[in-house]
Amino acid sequence: MLTLRKASERGAANHGWLKSFHTFSFANYWNPDEQGFSDLLVINDDRVAAGKGFGQHPHRDMEIFSYVLEGALEHKDTLGTGSVIRPGDVQLMSAGSGVAHSEFNHSQSRGVHFLQIWIVPAVAGAEPRYQQEHFSEAQKRGRLQLIISPDGHDGSLTVRQEARVYAGLFNAGEAATLDLPPDRHAYIHVARGSVEVNGQRLQEGDGARVRDERQIRLSQGEDAEVLVFDLRPHERPQMP
């Protein structure tokens, strides 16, 4: 069963320098029916103006990853990490016992468009850590590339939760399937373009909760970039 979450139903915030859409409840957007799904707590679709960004702010006990779609995102944190994240890069910051970071548009002339996603960890108070890897277009073209997993399989970043995240690019006749064990849920987010998921058409910004399905099939993409989350079956995230 797929339960659609239309892009037009998301929460929205416009701060001038920041335009954001919230799939789940976040900040001033509160929807009692949208409190995350399994251990997936936040999907924010953010566009930040040139030269602007988020000043240093703290996090703890959260797995936070950024996925850049256009432009470049500059990251600095109290672990001593400084990096620039560009399309194809996946950054994962495990806040653990506590870390502060800032995120700014690296460019003074063009915007940056990225997804920031939070996953609730299985353990509290762990040592903070930072990871970043690049996954090429070829790795994602017409297939689902594993980008985040509990064990770092296939070059993926390691998350402190029984969750896996896949990224794929689909156009025209390209298609891919993901088999799901009977005790798993999934969430699908269309970052760009449009794609059919098990025969249903999803547009840019749309999402879908997946329950009681043994397979996810992505096909008939139109310049589609898609994230697929393989998740534990409980319905609401539980803080550790």
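Residues numbered from 1 in each chain as written. Predicted model: local features only at pLDDT ≥ 70, side-chain atom pairs only at ≥ 80, totals over all residues. Heavy atoms only, no water.

- An unreviewed UniProt entry lists the chain under the name Pirin family protein, from Pseudomonas azadiae.
- Quoted verbatim from the Sequence similarities (unreviewed entry) field of the UniProt record, the comment on the chain reads "Belongs to the pirin family." (UniProt positions renumbered as here; feature names shortened; annotations may be inferred.)

Describing the side chain of Asp-89
- Among the structural elements, Asp-89 can be located in strand β9 (residues 89-94).
- No salt bridge forms around the buried Asp-89; measuring N to O, its nearest opposite-charge neighbour Arg-86 is 5.8 Å away.
- Only 2.8 Å separates the side chain of Asp-89 from the backbone nitrogen of Arg-86, close enough to count as a polar contact.
- Side chain to side chain, Asp-89 and His-134 meet in a polar contact 2.8 Å long.
- When residues no more than four places from it in sequence are discounted, the contact partners of Asp-89 are Ser-66, Tyr-67, Val-68, Val-84, Gln-132, Glu-133 and His-134. (Helix = DSSP H or I, 4+ residues; strand = E, 2+ residues; numbered from the N terminus. Buried < 20%, exposed > 50% of the residue type's maximum accessible area, 1.4 Å probe, protein only. Lys, Arg positive; Asp, Glu negative; His and termini not counted. Salt bridge = Lys/Arg side-chain N within 4 Å of Asp/Glu carboxyl O. Polar contact = N/O pair within 3.5 Å; in protein donor to acceptor, adjacent residues only side chain to side chain. Contact = heavy atoms within 4.5 Å.)

Structural notes on the sheet that holds strand β6 (residues 63-70)
- Spatial ordering of the open sheet is given by β2-β3-β4-β11-β6-β9-β12, a layout of 7 strands whose pairing is antiparallel. A strand with exactly one partner marks an edge of an open sheet, and here the two such strands are β2 (11-14) and β12 (129-134). If you compare each strand with its neighbour and ignore which way they point, the axes differ by 15° on average. (Pairing = 2+ DSSP bridges. Axes fitted to C-alpha atoms, helices over the stretch in contact; angles between N-to-C directions.)

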